[in-house]
Every structure is written in C-alpha cells, then in structure tokens.
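Topology and contacts: notes
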Amino acid sequence: MELMNAIHERKSYRKPYKPDPIPAESIKEILEAGVAAPSGCNQQTTRFIGVNDPELAHKLAEIYDKPWALTAPAAILLLTKEHVSYRGNSYHIHDYSAAAENILLAAVDKGYATTWIEGQIEGEKARQMGDLLGVPQDLTVAIYMPLGIPAEENPGVAKMPFEDRAWLNGYGKSF
Ligand SMILES: Cc1cc2nc3c(=O)[nH]c(=O)nc-3n(C[C@H](O)[C@H](O)[C@H](O)COP(=O)(O)O)c2cc1C
C-alpha cells in the first residue's frame, strides 16, 4: 500500500474482528516499523510486545473489558519508562507516540485494524497487562492495541476541515 493511502485509511477500529490467526512474521514486521521510529536523543526508550496467541490476546482484552476487543486474535503493547536525556527532559512519551503511529500505519498496510488504547488502561489495567506478559516492574504498559482483520466497515470519526488547522506561509493563511 502507498504510504499516503495508509495514512488516510488508518482509523481507530472498535468493532469485531475476524477470527483469522495473525502470523508471527506479520507482527514482527509491524514491530520493526515501531523500532524504526525516531526517538529523542536516539534513546530508543520504547519496548514492544506482540501477542498472536489468541488465548493471551483474549486475556488482555478481558483486562481491557470491551466486548469488541474480545474478538481480537492478536495484540500489540508498547512499554515505556521515564528517561531523562536532554536538559532535564524525558522524551519517553514522544518516543512511544512516534513508534505507535508507525505501528498503526504498518498494521493498516497489512490489512489489519487496531486502535491506540492508552487512557482507558492507564493505571491498574496497564499493570495487570504487564503482569500477564511478565513485563519488568520498572516498565509501564503505555499502549494496548488489539489487532486483527476487521469484520465490519469502519467509517471513522469526523475531522475538522483542513483549512481550520493547516496553513501556508503564516498562521491563518490558506493554501
Ligand atoms: C494519546 C492517545 C490516547 C488514546 N487513548 C484511547 C483509549 O484509551 N481508548 C480508545 O478507544 N481510543 C484511544 N485513542 C484513540 C483516539 O480516540 C482516536 O485516535 C481519535 O478518536 C481519532 O480517531 P481516529 O484514530 O480514527 O483518527 C487514543 C489516542 C491517542 C493519540
């Protein structure tokens, strides 16, 4: 798929998945896209876990606790920890965000659907997911992404008009 097509086709998917298994090789390629992402001071703070064992994916979805996620045959998790690298700043959130977008686009490229789930797992659910997967205590599960082949159409959400958000050669100056 052309990159620009993947960018425009990517939409958060919160509907049932087909039960088709997801090959480890596909997950590896998706995670390689995550590993390739930029990171502040090249500190590469993000870690990644792919899950293609349907039972394990189901257990993660039980922790997340949404019916649509229970149908996902696979999942991806992004792990992080604070790491001060430049002028007292930690760029770990920027790092895993850049990696997450690469992963979302790579998933679309392979015909899969997913959603960046962060706010809804922060805290106890993230800890439970980490414990299930043997994540060391000093790392936090930042993002959970159920993954699979979408079983339904996904029209997506409305976005603000381009003209209201992006300009050329100065704020408010239209293209
Ligand atoms: C930082 C961040 C946190 C998010 N957390 C959640 C979440 O916890 N649950 C969820 O369903 N979607 C979550 N999303 C997905 C957004 O809701 C979604 O991207 C937004 O509604 C726009 O829709 P789109 O992804 O289809 O463009 C999150 C997205 C971002 C960038």
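Counting restarts for each chain, with residues numbered from 1 along the sequence as it is written. Confidence filtering applies because this is a predicted model: local features only for residues at pLDDT of at least 70, side-chain atom pairs given and counted only at 80 or more, and all residues used for totals across whole chains, interfaces and linings. With hydrogens and water stripped out, all remaining heavy atoms of the structure feed into the side-chain values.

So the rule is basically this: UniProt positions are given in the numbering used here, feature names are shortened, and annotations may be inferred rather than shown by experiment.
As named in an unreviewed UniProt entry, the protein is Nitroreductase, taken from Enterocloster lavalensis. We quote the UniProt Sequence similarities (unreviewed entry) comment for the protein here in full: "Belongs to the nitroreductase family." Turning to the protein, the UniProt annotation filed under Cofactor (unreviewed entry) states: "FMN".

**Observations concerning the side chain of Thr 46**
Just so we agree on the cut-off: Helix numbering and strand numbering both begin at the N terminus, where a helix is a DSSP run of H or I of at least 4 residues and a strand a DSSP run of E of at least 2. Throughout, exposure labels follow a simple rule: accessible area from a 1.4 Å probe, protein chains only, divided by the maximum for the residue type, with under 20% read as buried, over 50% as exposed, and the rest as partly exposed. Here a polar contact means two N or O atoms within 3.5 Å. Within protein one must be a hydrogen donor candidate and the other an acceptor candidate, and residues neighboring in sequence count only if both atoms are side-chain atoms. Any two residues whose heavy atoms approach within 4.5 Å at even a single point are treated as in contact.
Structurally, Thr 46 can be placed in the loop between helix 2 (24–35) and strand 1 (47–51). Thr 46 gets classed as buried once you look at its relative accessible area, which sits at 9%. A polar contact is formed between the side chain of Thr 46 and the backbone nitrogen of Tyr 96, at a distance of 3.4 Å. For Thr 46, the residues in contact, after removing those within four places along its chain, are Leu 78, Leu 79, Asp 95 and Tyr 96.

**Thoughts on a nonpolar patch on the surface**
To keep it simple, the criterion reads: Patch definition: residues with relative accessible area over 30% and no salt bridge; like charges joined within 9 Å; nonpolar side chains (Val, Leu, Ile, Met, Phe, Trp, Tyr) joined within 5 Å. Per-residue and other accessible areas follow the Shrake-Rupley method at a 1.4 Å probe size, with only the shown protein chains counted as cover for residues. When a carboxyl oxygen of Asp or Glu is within 4 Å of a side-chain nitrogen of Lys or Arg, the pair counts as a salt bridge.
A cluster of nonpolar side chains, namely Leu 3, Met 4 and Ile 7, defines an oily patch on the protein surface of about 290 Å² accessible area. Assignment of secondary structure puts Met 4 in helix 1 (residues 3–9). On the basis of relative accessible area, Met 4 is assigned to the exposed category, the value being 53%.

**Some points on the sheet that holds strand 2 (residues 74–80)**
Basically, it comes down to this: Following DSSP output, two strands are said to pair if at least two bridges run between them. Orientation is described by lines fitted to C-alpha atoms, with helices fitted over the stretch in contact, and by angles between N-to-C directions that extend from 0 to 180 degrees.
Spatial ordering of the open sheet is given by 1-2-6-5, a layout of four strands whose pairing is antiparallel. Strands at the two margins of the open sheet, each flanked by one partner only, are strand 1 and strand 5 (113–114). Looking at chain direction, strand 1 and strand 2 are connected through five bridges and run antiparallel. Pairing of Arg 47 across the sheet is with Leu 79, part of strand 2. Running at roughly 165 degrees to strand 1, helix 2 makes contact with strand 1, strand 2 and strand 6 (140–148) of the sheet.

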